[in-house]
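Geometric and topological summary
Listed here are the chains, written in short residue letters.
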Amino acid sequence: MTLAQALFSPRSVALVGASGDAAKNTARPQRYLKKHGYAGKVFPVNPTRQEVLGERSYPKLSAIPEAVDHAYILIEDVEQALEECGKRAVTVASIFSGGFADAGPDGARRSTRSRR
């Protein structure tokens, strides 16, 4: 799997932090993948749910029994999620997460730390 394939036509996508509440932003990627006919495998990752929007959910990335080409990170703990991606040899990770400079002093501190 090349970088371009994993980014533009992945065989599988893990949604790290997927929400079962269809009204939340963290449910949007799963809804859109389905709405627009994504034919690959979707693996929602949510430690508190066994199912997310009709799909089996996994408690963490390492629990997914198949290869993951693209991880879409929807949680604030981006660093931990990226470490898990590295351990799983996920080719591409995209980040859709808050909690940085726009989150006040603590977020600004984390944002500054991540630029070093």
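All values derive from a computational prediction rather than experimental measurement.

Looking at the overall build of the protein chain
Summing up its helical and strand segments, the protein chain has four helices and six strands in all. Order of helices (α) and strands (β) in the protein chain, N terminus to C terminus: α-β-α-β-β-β-β-α-β-α. Relative to its full complement of 116 residues, the protein chain shows a buried share of 35%. Considering only intrachain contacts with a sequence separation of at least 6, the fraction spanning at least 24 residues in the protein chain is 49%. Accessible surface computed for the protein chain: about 7,000 Å², of which carbon and sulfur atoms make up 52%.

A look at the confidence of the model for the protein chain
With 84% of its residues at a pLDDT of at least 70, the protein chain reaches an overall mean of 89. Of all secondary-structure elements in the protein chain, the lowest mean pLDDT belongs to helix α4 (residues 105-114), at 57, while strand β1 (residues 12-16) reaches the highest, 98.

Some words on the nonpolar core
Among the nonpolar cores identified, the biggest contains 14 residues, and A14, L61 and I64 are the most heavily contacted of them. Elements supplying a minimum of two residues to this core: β1, β2 (41-45), β5 (70-73) and α3 (78-88). Broken down by element, the residue count for this core peaks at three residues, all from α3. The residues touching L61, leaving out its near neighbours within four places in the chain, are A14, V16, V45, E84, C85, R88 and V90. Core analysis: the second largest hydrophobic core is formed by six residues, V13, L15, V52 and L74 among them.

What counts and what doesn't
Residues numbered from 1 in each chain as written. Predicted model: local features only at pLDDT ≥ 70, side-chain atom pairs only at ≥ 80, totals over all residues. Heavy atoms only, no water. Helix = DSSP H or I, 4+ residues; strand = E, 2+ residues; numbered from the N terminus. Buried < 20%, exposed > 50% of the residue type's maximum accessible area, 1.4 Å probe, protein only. Contact = heavy atoms within 4.5 Å. Areas by Shrake-Rupley, 256 points an atom, 1.4 Å probe, with all protein chains shown as cover. pLDDT = per-residue confidence, 0-100. Core = buried A, V, L, I, M, F, W, Y, C linked by side-chain atoms within 4.5 Å.

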